[in-house]
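Single-letter residue listing:
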Amino acid sequence: MTRIKVLFILAAMFLTGAWANAQNVTISTNLLDWVNFGTINGDATISLTRRWSVGANAEYNPWTFKFNGGEKWIYNRHRTFGAYGEFWPWYVNAGWALQFGAQYKEYAEGGVSFIKRDYGERFGRIPLVEEGQAVGGGASVKYSLLLARNWSMEFSAGAWAGWKWYTRYRCPNCGRRL
């Protein structure tokens, strides 16, 4: 996995080095991801023409939150890498845009109690753990609102679809599968 990261970074440096100036590069973060259990995230976009841009994003969340002296816990740990292209009808980073992208994710989430109906538990609720990988693609519509000369805020809505390969555990400590 480390080799893939290094190759991705080197490819990004070689492919974007000729265009790396302030007018063509955008760096951003997603505030809602920070609210999702403190997910660290970043996004870099490069303008190719007046109406087209490409970008890459990454997210990382290593945190586990414990409650009641470690008896209860909750987490949404993951590493996510994505790439996308954007079409801007007017100018890059101004107004509306259509975005198309692909994403890969390694994840482990758990600690949240889900209602159980088919496992015959007496109390009806147990914490589940799910670990796996996911890959997918999607499309979205977004709007970029200019706040100041070098600051903007983007709003987007879209749909994603894909596949995931996972294992569900009944108990994270004992490793008993569902």
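Per chain, the residues get numbers from 1 upward, laid out in the order the sequence is written. For this predicted model, a pLDDT threshold of at least 70 governs which residues receive local features, and a threshold of 80 or more governs which side-chain atom pairs are given and counted, while totals over whole chains, interfaces and linings are taken from all residues. Hydrogens and waters are ignored; side-chain quantities use all the structure's heavy atoms.

Participant: So, the overall build of the chain: which residues are in play, and what are the values?
Facilitator: Labels follow the DSSP assignment, with helices taken as runs of H or I lasting at least four residues and strands as runs of E lasting at least two, numbered in each case from the N terminus. Helix and strand counts for the chain stand at two helices and eight strands. Each helix (α) and strand (β) of the chain, taken in turn from the N terminus, gives the series α-β-α-β-β-β-β-β-β-β. For every residue, the accessible area obtained with a 1.4 Å probe (protein chains only) is divided by the maximum for its type, and the residue is called buried under 20%, exposed over 50%, and partly exposed between those limits. Buried residues in the chain amount to 26% of all 178 residues. Note on areas: these come from Shrake-Rupley sampling with a 1.4 Å probe, and a residue is covered only by the protein chains present in the view. Summed over all atoms, the accessible surface of the chain reaches about 12600 Å², with 61% contributed by carbon and sulfur.

Participant: Can you tell me about a nonpolar patch on the surface, naming the residues and giving the values?
Facilitator: A patch is a set of surface residues, each over 30% in relative accessible area and not in a salt bridge, joined within 9 Å for like charges and within 5 Å for the nonpolar side chains Val, Leu, Ile, Met, Phe, Trp and Tyr. Criterion for a salt bridge: a side-chain nitrogen of Lys or Arg within 4 Å of a carboxyl oxygen of Asp or Glu. The grouping of W96, L98, F100, V141, Y143, L145, L147, W151, M153 and F155 at the surface amounts to a nonpolar patch, some 1000 Å² of accessible area in total. Of all the secondary structure elements, the ones that give two or more residues to the nonpolar patch are β6 (95-115), β7 (125-148) and β8 (151-169). Sort the elements by how many residues they give to the nonpolar patch and β7 lands first, with four residues.

Participant: Give me the pattern of salt bridges: which residues, what numbers.
Facilitator: Taken as a whole and assessed by the stated rule, the structure comprises five salt bridges. Ionic pairing is found between K164 and E130, a salt bridge with its closest N-O pair at 2.9 Å. Of this pair, K164 sits in strand β8 while E130 is found in strand β7, placing the two residues 34 residues apart along the sequence. Across the pair R168 and E130 runs a salt bridge, and its minimum N-O distance is 2.9 Å. Placement of R168 in strand β8 and of E130 in strand β7 is noted, with a sequence separation of 38 residues between them. For R168, a relative accessible area of 37% gives the class partly exposed.

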